[in-house]
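Notes for the structure review
Residues per chain, in single letters:
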Amino acid sequence: MNTQKRGLLWWFVWMVFILPGFCLQKLPAQVSSGGIPVSFSEVEAGKNAGIAAFNVNVPEISQLMREDSVDEGPGIPRRNAVLIPVDVTMESCGTWREIPGKGTIWQLKIEAKGAKAVGLYFSEFSLASGCTLHIYNESGNQLSGAFTDKNNRDGGFYAIGHLFGEHVIIEYFKPFGITAASEFRISDVAYFYRGVNDYINGRGFGDSGPCEVNINCSPEGEGWKDEKKGIVRISCRVGSASFWCTGALVNNTGMDKTPYILTADHCAYKFFKYATPQDLEQWIFYFDFESPDCENPFQSPQLKSLTGAVKVASGGDHGTDGSDFYLVKLQQEIPSGYNVYFNGWNALDIAAAEGVTIHHPEGDIKKISTFSSPLISSGWQGNGLASHWQVTWSQTTNGYGVTEPGSSGSPLFDQAGRVIGTLTGGQASCNQPTLPDYYGKFSYHWSSNGTDDTLRLLPWLDPVNTGQMTLGGLELFIPDTMVKETAFIEVLPNPAHSTLYLKRLDSLHSDIVVEVYDITGRQVKEINVSGLHQGEAYPLDISLCSKGMHFVRIIEENGISLHKIIF
């Protein structure tokens, strides 16, 4: 099949099957509506003067460090913020004033003396239509928002990512003429005492070690331009602790863009307890947090984030009795502008000869680490199970990429770009790059941690029971407006086994061409059918086709149609 013909197919796949699931930016997410706070339009000096302040209780840093020293080690996330309980509403504190000709604003300064950064957690979040909420610092060079009613959540829980420095200003604006009430309640303030770099000249990143390699360095990142788009930095909450982990969007055999993110079980575990459903509703997922090229950028990349997830499955008890995986589902679809990629996977227990991990060490911009010697089947800290891959990193052109705190949960990719593991921990560091790291095997995640569906990946990533053990990533990105859909040919059954039937529904009896493609876009079958009459069913032998998702393309006088079928 020539390149132009294949392009027509994938354009149509995108338009028919993929794009409709992406028109969801109005759904509640940490996707702001842009714009600036109303108060920024005021020209008088000291416009923020007189704003009421709320002082957060300052934690005893030495006590936090003592707690951390007991709770840290291989396979244990490193806390970077403690959540200070508060009870802040528009009724309990803050300053109201009128902006002539526009409406009223409520402002409050949250002060957390000595903090490196400040984040906000809400137990109630309900904004009336037309009203906006912004979060910014006193100088106005850091800004989040506007948050609107599109960010409202059914459960009320929400979180807004951190701003650097020891204070933030909250500004709520209600235009004249709006009668509906807004309500929100800040339940916790995240006090970052480490794990975030100082915000100097707009650059709030760079905490990872000097040996790490940025994802867009060449040649290291050249072959991973798709896979990197499915990697997320995660701000995890467990109780009163916040810390960084890494996760990966993963594809499933239904090819339906279900927003599953795979990370490590220990990323949901801290101080001897697991994240609650309410904690998960306040996890923040950051996409595309990377440098555009090999050098560190002058300013932090624009943040693209979503808030909230629900647990789907987990296993391995953070590695002590299994492979340490944690699968969550985002509470909303991902906006099309995020340009993500749903990574493929390999559930076969076969040691890859080479590959990479893509991760966010110390919550830093996206990095890549490379291995060029075969993986070794192993356990984790004496668990006696063949649950992990042991990997040793290789020096490359631009550094000696390893892993660090914050890399936990990052995917290990084989040479074909498929996920084969998730990071539990290890000894590798910039100072000792030749020491090994350990990744929970994807093959063990698949079905070996237990028989219940909540303990394995199989039922979630193979929801249509294809029996596939490998799956490619979802990259159907080439639309084509010249291809039109017709509904005059029915393709059944779905799923199909050895025979697929084509049934004409209209009175036309023109010749048709049938093309069958696998998920990679490779044509596996083509047949010409002469004079198919109304009501007639034509059998198509598919017994030699591989199992999994396929696309059946039918070309006839009425137009071209595309059908998504499971074999």
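Here is what the cut-offs are and how they apply
- Residues numbered from 1 in each chain as written.
- Predicted model: local features only at pLDDT ≥ 70, side-chain atom pairs only at ≥ 80, totals over all residues.
- Heavy atoms only, no water.
- Helix = DSSP H or I, 4+ residues; strand = E, 2+ residues; numbered from the N terminus.
- Buried < 20%, exposed > 50% of the residue type's maximum accessible area, 1.4 Å probe, protein only.
- Contact = heavy atoms within 4.5 Å.
- Areas by Shrake-Rupley, 256 points an atom, 1.4 Å probe, with all protein chains shown as cover.
- Disulfide = S-S within 2.5 Å.
- Polar contact = N/O pair within 3.5 Å; in protein donor to acceptor, adjacent residues only side chain to side chain.
- Pairing = 2+ DSSP bridges.
- Axes fitted to C-alpha atoms, helices over the stretch in contact; angles between N-to-C directions.
- Patch = residues over 30% accessible without salt bridge, like charges linked within 9 Å, V, L, I, M, F, W, Y side chains within 5 Å.
- Salt bridge = Lys/Arg side-chain N within 4 Å of Asp/Glu carboxyl O.
- Phe/Tyr/Trp six-rings, centres within 6.5 Å; stacked < 30°, edge-to-face > 60°.
- Arc of directions from axis to C-beta.
- pLDDT = per-residue confidence, 0-100.

**Here we look at the overall build of the chain**
What the chain contains, in helices and strands, is five helices and 35 strands. Of all 567 residues assigned to the chain, the portion counted as buried reaches 56%. Considering only contacts in the chain between residues 6 or more positions apart, those separated by 24 or more positions represent 73%. For the chain, the exposed surface amounts to about 22500 Å²; the carbon and sulfur share of it is 51%.

**Overview of the state of the cysteines**
What the rule picks out here adds up to three disulfides. Note on cysteine connectivity: Cys211 is disulfide-linked to Cys430, with sulfurs 2.0 Å apart. Between Cys211 and Cys430, the S-S dihedral sits near -75 degrees, and the bridge is therefore left-handed. Residue Cys211 is found in the loop between strand 10 (183-192) and strand 11 (231-238), and its partner Cys430 is found in the loop between strand 26 (419-426) and strand 27 (437-441); the two are separated by 219 residues along the sequence.

**Examining the environment of Tyr172**
Along the chain, Tyr172 turns up in strand 9 (residues 167-175). Under the relative-accessibility criterion, Tyr172 is labelled buried at 2%. The sequence separation of Tyr172 and Leu133 amounts to 39 residues, and the corresponding C-alpha distance is 4.5 Å. The residues touching Tyr172, leaving out its near neighbours within four places in the chain, are Met90, Trp96, Thr104, Ile105, Trp106, Leu127, Cys131, Thr132, Leu133, Ser182 and Phe184. Here Ser182 takes part through its side chain, which lies 2.9 Å from a polar atom of the side chain of Tyr172.

**Side note on the sheet that holds strand 31 (residues 512-518)**
Picture the strands of a sheet paired through backbone hydrogen bonds; they go either parallel or antiparallel. Taken in spatial order, the four strands of this open sheet run 32-31-34-35, and their pairing is antiparallel. Looking along the sheet, the strands with just one partner apiece sit at the ends: strand 32 (523-529) and strand 35 (559-566). Sheet twist, expressed as the mean angle between neighbouring strand axes with direction ignored, is 15 degrees.

**A short note on a nonpolar patch on the surface**
Judged by side-chain polarity, Leu348, Ile350 and Met469 come together as a nonpolar surface patch covering roughly 250 Å² of accessible area. In this fold, Met469 is placed in the loop between helix 5 (458-461) and strand 28 (470-471). By relative accessible area, Met469 is classed as partly exposed at 32%.

**Describing the pairing of strand 11**
Counted residue by residue, strand 11 has eight buried out of eight residues, so it is predominantly covered. The two faces of strand 11 match: Ile231, Arg233, Ser235 and Arg237 on one face and Val232, Ile234, Cys236 and Val238 on the other face are all buried. Across eight bridges, strand 11 lies against strand 12 (residues 241-249) in antiparallel orientation. Paired with Ile231 across the two strands is Ala248, which belongs to strand 12. The loop that links strand 11 with its antiparallel partner strand 12 comprises two residues; one of these, Gly239, has a positive phi angle of about 60 degrees. Relative to strand 16 (residues 284-287), strand 11 runs antiparallel, the two sharing four bridges. Within strand 16, the position partnered with Ile234 by the bridge is Phe285.

**A closer look at the packing of aromatic side chains**
Under the criterion given, the structure shown has 20 aromatic pairs. Note on Trp244 and Tyr286: the rings are 6.2 Å apart at their centroids and 65 degrees apart in plane angle, and the pair reads as edge-to-face. Of this pair, Trp244 sits in strand 12 while Tyr286 is found in strand 16, placing the two residues 42 residues apart along the sequence. Looking at Trp244, the relative accessible area reads 6%, which means it is buried.

**A short note on unusual backbone geometry**
With an omega of 5 degrees, the peptide bond between Gly145 and Ala146 qualifies as cis. In this structure, Ala146 sits in strand 7 (residues 143-147). At the junction of Ser218 and Pro219, the peptide bond is cis and its omega measures out at 15 degrees in the coordinates. Of note in this structure, Met255 is not a glycine but carries a positive phi near 50 degrees. Relative to the helices and strands, Met255 resides in the loop between strand 12 and strand 13 (260-263). We note that Phe272 has phi near 70 degrees; this positive angle belongs to a residue other than glycine. Within the element layout of this structure, Phe272 appears in the loop between strand 14 (269-270) and strand 15 (273-274).

**Some thoughts on helix 2 (residues 61-71)**
Every buried residue belonging to helix 2 is among Leu64, Asp68 and Asp71, and all of these are buried. All buried residues of helix 2 fall inside an arc of 70 degrees around its axis, so they share one side. Every exposed residue of helix 2 that faces more than 90 degrees away from the buried side is listed here: Ser69 and Val70. One or two steps after helix 2, the chain reaches Gly73, where phi turns positive at roughly 160 degrees.

**Side note on the environment of Phe551**
Relative to the assigned elements, Phe551 resides in strand 34 (residues 549-556). In sequence terms Phe551 and Leu562 are 11 residues apart; their C-alpha atoms lie 6.5 Å from each other.

**Points about the confidence of the model for the chain**
Residues of the chain with pLDDT of at least 70 account for 88%, and the chain-wide mean is 86. Contacts for the low-pLDDT stretch residues 1-30, under 50 throughout, to residues beyond four places or in other chains number 95 contacts. Below pLDDT 50 for its whole length, residues 476-484 participates in 29 contacts with residues either more than four positions away or in separate chains.

**A look at the pairing of strand 26**
Across the eight residues of strand 26, seven count as buried, placing the element largely inside the fold. Both strand 25 (residues 411-414) and strand 26 contribute to a ladder of three bridges, which runs antiparallel. Bridging across to strand 26, Leu412 finds its partner in Gly421. Two successive antiparallel strands, strand 25 and strand 26, enclose a turn made up of four residues, where Gly417 displays a positive phi of approximately 80 degrees.

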